[in-house]
Amino acid sequence: MSSLSRELVFLILQFLDEEKFKETVHKLEQESGFFFNMKYFEDQVQGGEWEEVERYLSGFTKVDDNRYSMKIFFEIRKQKYLEALDKQDRAKAVDILVKDLKVFSSFNEELYKEITQLLTLDNFRENEQLSKYGDTKSARNIMLLELKKLIEANPLFRDKLAFPSLKASRLRTLINQSLNWQHQLCKNPRPNPDIKTLFIDHTCGPPNGARAPPPTNNPLVGGLPKQGTFPPLGTHSPFQPTPPSASALAGWMANPNPPAPHAPVANGPAALTAPPNSATLLKRPRTPPSTTPTVDYQSADSEHLMKRARPGGPPVDEVKTVNYAGGPSHPQNNVSPDDLPKNVARSLNQGSCVMSMDFHPIQQSVLLVGTNVGDIGIWEVGSREKLAQRTFKVWDITAASMPMQAALVKDPAVSVNRTVWNPDGTLLGVAFSKHIVHIYTYSGGSDLRQHLEIDAHVGGVNDLAFSHPNKQLCVITCGDDKTIKVWDAATGRKQYTFEGHEAPVYSVCPHHKESIQFIFSTAIDGKIKAWLYDLLGSRVDYDAPGHWCTTMAYSADGTRLFSCGTSKDGESYLVEWNESEGAIKRTYSGFRKRSSGVVQFDTTRNRFLAAGDEFLIKFWDMDNTNLLTTIDADGGLPASPRLRFNKEGSLLAVTASDNGIKILANRDGMQMLRALEARAYDSNNRAPQEPAVSKPPIGNALGVPSTPGGGGGDRPNSSSMAGSVMDGPTLNMGGSRVRPRDRVGNDHSGMEGGRTPETKPRIPDEIPDRSKSWKLTEINEQNQCRSTRLPDTLPPNKVARLIYTNAGVALLALASNAVHKLWKWQRNERNPSGKATASVAPSLWQPASGILMTNDISDTNPEEAVPCIALSKNDSYVMSASGGKVSLFNMMTFKVMTTFMPPPPAATFLAFHPQDNNIIAIGMEDSTIQIYNVRVDEVKSKLKGHQKRITGLAFSNSLNVLVSSGADAQVRF
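An unreviewed UniProt entry annotates the protein chain as CTLH domain-containing protein originating from Ceratodon purpureus.

Structure representation (structure tokens):
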């Protein structure tokens with residue numbers, strides 16, 4: 001709702017209050033959510049009207065909005081519960097406990113148990129914490145003091161606790177002024193007008209003419225002054241509307257900080273003049289061309305007034321109108337459809353499903369990619385080299401909010417919703433499906449470093465963009481908590497929070513017109529809003545076609561605005577907006593009737609639009625609504641492929657099936673890629689062989705530090721829990737890097753094209769040499785090895801299995817007694833990288849609960865069993881067996897998530913699927929391999945072929961292949 005509509009609600013609230021419509025007043029307060037009447041709230045609490053208390057609160061906040069809201073609802077429901085106990089109404093107390101207080105158990109289970117135990121007491125005051133509970137009235141008053149503090153501190157109530165200062169009967173005054181303005185334009189104004197209705201515009205009929213009777217039921221007019229009560233009508237100024245500013249956006253940006261919601265009413269005769277604040281033009285903006293500044297432009301509502309005789313001026317017989325609904329004409333550039341990138345030049349395999357892509361703004365062949373398992377990768381598409389890769393982890397778990405920690409514990413699976421470069425390519429931002437935004441610095445090649453970690457939103461962060469308000473680089477985010485937030489890109493400090501959407505915010509599109517910076521935002525209810533960098537609320541409120549997931553983008557020159565979206569029913573829309581009218585200018589045709597996903601789009605060369613739909617890439621000319629052409633990129637595209645142009649429009653990245661990316665190129669793009677490939681080939685031939693280069697670091701959702709070079713080693717056998725750790729080149733090439741992670745089914749993932757286009761520079765002539773060769777380091781000498789003793793405070797037992805975590809910062813051991821032990825290396829002055837090393841001893845780690853991860857050993861002898869163990873890719877889960885059932889543990893809490901597959905036969909080897917933690921391959925003692933889905937507790941398939949027990953399993957990270965080995969000396973695929 002726009003700011004003017006908001007002010008109208010306040011005027012109506014004042015009118016209803018003055019007319020004593022008390023119930024209606026509070027109903028409108030609650031439904032609009034604009035003003036929280038603390039006095040009314042206090043009265044309802046003191047009267048014990050708990051249903052009305054919660055109903056009224058529901059207009060402003062919900063239980064799970066934030067910690068303040070949760071505390072407010074908890075205090076109210078706790079008081080209601082205690083009053084029921086005090087009245088010995090245990091049936092009602094149980095009902096409140098189950099229906100109202102149960103929701104808080106997931107946040108504080110111990111507190112819920114303690115509240116439940118009050119039912120067992122004859123008098124709940126026997127509980128020490130409630131011993132000072134007095135009578136009901138005093139308890140309500142004490143609670144009210146706490147509630148007021150919580151409400152005042154709750155950001156959702158910001159600017160909603162004070163009613164604006166208005167003169168009495170302000171709405172009546174405005175109506176009187178409007179009637180005066182209407183009376184001035186009458187052809188035969190009467191000295192004493194008789195106003196009988198507000199339902200139609202006022203006119204004074206001819207002296208002897210008849211007039212239709214007005215409606216009889218008009219309660220608003222009853223209290224209005226009638227004959228002789230209007231200000232004297234002296235010399236009336238003619239109606240002379242002032243031409244608005246150059247565009248609709250400029251209209252509401254021209255005065256971004258108005259001194260007051262309404263300008264004061266001037267003394268003297270009323271005249272119909274142009275509005276004092278151009279923000280009032282927002283809902284019906286007009287855009288005269290700059291070449292004809294002397295022409296007056298009027299809205300449709302005022303056109304009929306212009307054709308009437310103006311008091312004090314000559315009659316106007318005709319008003320020249322000019323239709324600018326189509327917006328300014330756009331000169332055609334010299335780009336032809338043949339210049340579109342249509343030929344497949346490269347095929348890349350990211351290893352997991354690609355969710356977002358963005359080309360580097362300077363290095364036109366460098367592509368940033370984010371995936372559904374939280375990975376990001378940077379590719380040099382010319383040489384097909386992956387320059388850098390990072391997996392999701394929380395960099396500082398101690399700084400994470402409790403809701404975020406709880407979300408990660410409940411389900412560690414995290415997807416990338418958006419990846420984007422800043423305008424000069426020195427920073428990149430990653431928005432994740434849970435709370436977090438990561439900002440990295442990038443200096444070229446593989447030099448990718450952590451810069452900022454922001455706990456940005458409660459729930460998913462759906463989009464991210466960079467912008468330069470006030471000449472300062474900022475990060476703009478939006479999320480499931482219905483807000484848009486602006487952060488300082490240097491410090492991570494929050495600068496603005498924009499509230500006003502009533503549904504999760506799906507995308508943001510920052511832009512600027514001359515010196516005015518603003519942000520468009522879209523929500524999944526189809527609402528489009530625009531914001532200035534202030535705290536005055538949204539400036540526009542439009543409906544996007546489809547009323548669901550929509551993204552917006554400007555053409556590269558910033559003159560044309562487009563949006564693309566898909567409805568819940570699968571109807572897709574690609575449109576161009578007329579900024580001067582806030583209306584749709586063009587709707588492009590060519591989409592299938594039922595799209596199977598949210599359609600993504602992008603713009604290029606100020607001329608073309610592209611969208612992924614129906615297993616195709618579809619192109620349009622911006623000035624023609626008909627489909628220009630389609631390509632299938634040699635097949636293998638998903639139903640709604642994501643796509644992204646580079647800044648020059650010479651390359652187009654498109655997501656493909658089987659976790660792939662296809663790079664399409666035009667003639668210029670082909671030449672660029674060939675040149676880059678030739679340089680990489682030459683540099684490889686000239687460069688000397690280098691020692692082993694560590695693979696990109698693998699992190700985890702527990703916030704364990706990770707640095708390049710971390711890895712795992714072979715699994716040594718030992719007779720005690722002391723083990724050897726090799727320090728040196730071998731750590732760079734340690735144990736296998738299995739890549740599992742839960743799939744994330746996100747219905748509104750990040751958008752590929754809703755960002756501020758930047759000027760598209762040419763590719764630099766010199767491309768830095770990033771080529772590196774891999775060479776395994778052989779260990780032949782004793783002095784190449786280092787050892788350390790692992791501290792152990794638990795009873796010693798033989799090590800059955802020992803593995804590094806995938807991040808290379810910890811060791812996990814499975815002992816012969818079926819107990820797991822975990823050692824972690826801490827980041828400190830002696831070990832600033834935090835990686836595994838023999839120079840610093842690790843510490844034995846346990847959760848605060850002190851529990852141990854212990855496998856099921858029912859009816860088995862663990863000493864005789866074949867132990868097996870596997871870690872998920874992000875080190876959040878460990879799957880293990882010691883002859884009994886297979887156990888799945890949470891590595892953060894050590895708690896058993898589930899057990900399955902009871903023997904016989906027993907499990908002898910385990911492996912997580914690289915892209916889905918729920919899919920597990922289990923090698924069995926009877927030589928079979930079972931593919932098991934943990935989520936549905938079901939064996940999906942059973943593989944046979946070996947003659948003896950399974951001794952090894954490995955999934956391919958890039959191919960749909962499982963390799964197995966058995967005690968029969970066979971290896972099978």
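Chemist: Describe the overall build of the protein chain, and please don't skip the residues or the numbers.
Modeler: When its secondary structure is counted, the protein chain shows 13 helices and 43 strands. Restricting to contacts in the protein chain with at least 6 residues of sequence separation, those with at least 24 account for 58%. When the accessible surface of the protein chain is totalled, it reaches about 44,800 Å², and 51% of it is carbon and sulfur.

Chemist: Tell me what's going on with the packing of aromatic side chains, and back it up with residues and numbers.
Modeler: Tallying each qualifying case throughout the model produces 24 aromatic pairs. Taking 5.3 Å as the distance between ring centres and 45 degrees as the angle between the ring planes, the aromatic pair formed by phenylalanine 36 and tyrosine 56 counts as tilted. Of the two residues, phenylalanine 36 sits in the loop between α2 (22-32) and α3 (38-46) while tyrosine 56 sits in helix α4 (residues 50-57), which places them 20 residues apart along the sequence. According to the relative accessible area criterion, tyrosine 56 is buried, its value standing at 1%. Judged by centre distance (5.2 Å) and plane angle (40 degrees), the ring pair of phenylalanine 591 and tryptophan 620 falls under tilted.

Chemist: Which residues make up the sheet that holds strand β37 (residues 907-912), and what are the values?
Modeler: As summarised here, the arrangement of the four strands in space is β37-β38-β39-β40, forming an open sheet in which the pairing is antiparallel. Taken across any chain shown, the strands that pair with only one partner, and hence form the sheet edges, are β37 and β40 (938-943). Adjacent strand axes in the sheet meet at a mean angle of 25 degrees when their direction is disregarded. Pairing of strand β39 (residues 929-933) with β40 involves five bridges; the strand directions are antiparallel. Paired with tyrosine 932 across the strands is valine 939, a residue of β40.

Chemist: Go over the nonpolar core with me, naming the residues and quoting the values.
Modeler: Residues Phe36, Phe41, Leu57, Ile76, Tyr81, Leu82 and Leu101 are the most contacted members of the largest nonpolar core, which totals 39 residues. At the level of elements, α3, α4, α5 (67-86), α6 (90-101), α7 (109-117) and α8 (136-153) are the ones that each hand at least two residues to this core. Counting residues per element, this core draws most heavily on α5, at nine residues. With near-sequence residues (within four places) excluded, leucine 101 lies in contact with Phe74, Arg77, Lys78, Tyr81, Ile96, Tyr112 and Ile115.

Chemist: If you had to explain the packing of α5 against α8 to someone new, which residues and values would you point to?
Modeler: Pairs of packed helices are described in terms of their axes, by the angle between the two and the distance that separates them. Close contact between α5 and α8 brings their axes to 9 Å; oriented N to C, the two are set at 170 degrees. Classified by the angle between their axes, α5 and α8 sit roughly antiparallel to one another. In contact with Tyr68, Lys71, Ile72, Glu75, Ile76, Gln79, Glu83 and Asp86 of α5, α8 contributes Thr136, Ala139, Arg140, Met143, Glu146, Leu147, Leu150, Ile151 and Ala153. Here the residues of the contact of α5 with α8 are counted per class, giving nine nonpolar, two polar and six charged.

Chemist: Tell me about the sheet that holds strand β21 (residues 583-588), and name the residues and values.
Modeler: With antiparallel pairing, the four strands of this open sheet are ordered in space as β18-β19-β20-β21. The open sheet is flanked by β18 (549-554) and β21, the only strands paired with a single partner. Pairwise comparison of adjacent strand axes, ignoring direction, gives a mean angle of 30 degrees for this sheet. As defined by bridge partners, β18 adjoins strand β19 (residues 561-566) across six bridges and the pair is classed as antiparallel. For methionine 552, the partnering residue across the bridge sits in β19 and is serine 563.

Chemist: Lay out the pairing of strand β25 (residues 627-631) in plain terms, naming residues and giving numbers.
Modeler: Sheet faces and side chains relate simply in a regular strand, where the side chains alternate between the two faces. The pairing of strand β24 (residues 616-621) with β25 spans four bridges and is classified as antiparallel. By the bridge assignment for β25, tryptophan 620 is matched with leucine 627.

Chemist: Go over α2, please, and point to the residues and values.
Modeler: Every α-helix carries 3.6 residues per turn, so stepping three or four residues along brings you back to the same face. Along α2, the positions that sit buried rather than exposed are Val25, His26, Glu29, Gln30 and Ser32. Downstream of α2 by one or two residues, glycine 33 has phi in the positive range, about 70 degrees.

Chemist: Explain the confidence of the model for the protein chain to me, using residue names and the numbers behind them.
Modeler: Averaged over every residue, the pLDDT of the protein chain is 77; residues scoring 70 or more account for 76%. For the protein chain, per-element mean pLDDT is lowest for helix α11 (residues 300-306), which scores 34, and highest for strand β11 (residues 474-479), which scores 97. Counted against residues more than four places away or in other chains, residues 208-329, with its pLDDT under 50, gives 172 contacts. Below pLDDT 50 for its whole length, residues 687-774 participates in 301 contacts with residues either more than four positions away or in separate chains.

Chemist: Quick rundown of the pattern of salt bridges? Include the residues and the values.
Modeler: Per the counting criterion, the structure on display carries 33 salt bridges. A salt bridge links glutamate 31 to lysine 27; its shortest N-O distance comes to 3.6 Å. Here glutamate 31 pairs with lysine 27, and both are found in helix α2, just four residues apart, close to one helical turn. The partner of lysine 618 in a salt bridge is aspartate 613, and the shortest N-O contact between them spans 2.8 Å.

Chemist: I'd like a rundown of the pairing of strand β28 (residues 660-665), residues and numbers included.
Modeler: Burial within β28 is extensive, with six of its six residues counted as buried. Going residue by residue along β28, you find Gly660, Lys662 and Leu664 tucked away on one face and Ile661, Ile663 and Ala665 tucked away on the opposite face as well. Bridge count for strand β1 (residues 343-349) against β28 is six bridges, and the pairing is antiparallel. Note on β28: the bridge partner recorded for asparagine 343 is alanine 665.

Chemist: Explain the environment of serine 833 to me, using residue names and the numbers behind them.
Modeler: When you line up the elements, serine 833 lands in the loop between β31 (820-824) and β32 (843-845). Taking the C-alpha atoms as reference points, serine 833 and valine 809, 24 residues apart in sequence, are found 9.3 Å from one another.

Chemist: So, the environment of phenylalanine 900: which residues are in play, and what are the values?
Modeler: Along the chain, the position of phenylalanine 900 falls in strand β36 (residues 896-900). Among the residues examined, phenylalanine 900 registers a relative accessible area of 3% and is labelled buried. Separated by 37 residues in the primary sequence, phenylalanine 900 and aspartate 937 place their C-alpha atoms 7.9 Å from one another. Here phenylalanine 900 is in contact with Met879, Lys885, Val886, Ile920, Ile922, Tyr932, Val934 and Asp937, once residues within four sequence places are set aside.

Chemist: Pulling in residues and values, what's your account of unusual backbone geometry?
Modeler: One can expect most non-glycine residues to show negative phi and most peptide bonds to be in trans. Following proline 903, the chain continues into proline 904 via a peptide bond in cis, with omega recorded as -10 degrees. Position of proline 904 among the secondary structure elements: in the loop between β36 and β37. Between proline 904 and proline 905 the backbone carries a cis peptide bond, its omega angle lying at -10 degrees. Its place among the elements puts proline 905 in the loop between β36 and β37. Located in the positive-phi region is lysine 471, a residue other than glycine, with phi close to 60 degrees.

Chemist: Report on the packing of α5 against α6, specifying residues and quantitative values.
Modeler: Axis separation between α5 and α6 bottoms out at 8 Å; the angle between their running directions is 165 degrees. As judged from the angle between their axes, α5 and α6 are roughly antiparallel. Our pair here, α5 against α6, has a crossing hand that is left-handed. Across the interface between the two elements, Phe74, Arg77, Lys78, Lys80, Tyr81, Ala84 and Leu85 of α5 pack against Arg90, Lys92, Ala93, Ile96, Leu97, Asp100 and Leu101 of α6. In the contact of α5 with α6, the residues fall into eight nonpolar, no polar and six charged.

Chemist: Summarise the side chain of asparagine 127; cite the residues concerned and give the values.
Modeler: Tracing the backbone through its elements, the reader meets asparagine 127 in the loop between α7 and α8. Residue class for asparagine 127 comes out buried when judged on its relative accessible area of 15%. Discounting residues that sit within four places of it in the chain, asparagine 127 has contacts with Glu114, Leu118 and Leu121.

Chemist: I'd love a proper account of the side chain of aspartate 541, names of residues and values included.
Modeler: Its location among the elements puts aspartate 541 in strand β17 (residues 540-543). Reaching out from aspartate 541, the side chain makes a polar contact with the side chain of lysine 529 at a distance of 3.5 Å.

Chemist: Please provide a residue-by-residue account of α4, values included.
Modeler: Taken across its eight residues, α4 has six buried, putting it largely inside the fold. Looking at α4, one finds that the buried residues are Trp50, Glu52, Val53, Glu54, Tyr56 and Leu57. Here the buried face of α4 lies against α2, α3, α5 and α8.

Chemist: Outline the environment of valine 458, listing residues and values.
Modeler: Tracing the backbone through its elements, the reader meets valine 458 in the loop between β9 (448-455) and β10 (461-467). When the C-alpha positions of valine 458 and proline 403 are compared, they lie 7.3 Å apart, and in sequence the two are 55 residues distant.

Here is what the cut-offs are and how they apply
- Residues numbered from 1 in each chain as written.
- Predicted model: local features only at pLDDT ≥ 70, side-chain atom pairs only at ≥ 80, totals over all residues.
- Heavy atoms only, no water.
- Helix = DSSP H or I, 4+ residues; strand = E, 2+ residues; numbered from the N terminus.
- Contact = heavy atoms within 4.5 Å.
- Areas by Shrake-Rupley, 256 points an atom, 1.4 Å probe, with all protein chains shown as cover.
- Phe/Tyr/Trp six-rings, centres within 6.5 Å; stacked < 30°, edge-to-face > 60°.
- Buried < 20%, exposed > 50% of the residue type's maximum accessible area, 1.4 Å probe, protein only.
- Pairing = 2+ DSSP bridges.
- Axes fitted to C-alpha atoms, helices over the stretch in contact; angles between N-to-C directions.
- Core = buried A, V, L, I, M, F, W, Y, C linked by side-chain atoms within 4.5 Å.
- Parallel < 35°, antiparallel > 145°, perpendicular 65-115°, else oblique.
- Nonpolar A, V, L, I, M, F, W, Y, C, P; charged D, E, K, R; others polar.
- pLDDT = per-residue confidence, 0-100.
- Salt bridge = Lys/Arg side-chain N within 4 Å of Asp/Glu carboxyl O.
- Left-handed = near helix turned anticlockwise from the far one by under 90°.
- Polar contact = N/O pair within 3.5 Å; in protein donor to acceptor, adjacent residues only side chain to side chain.

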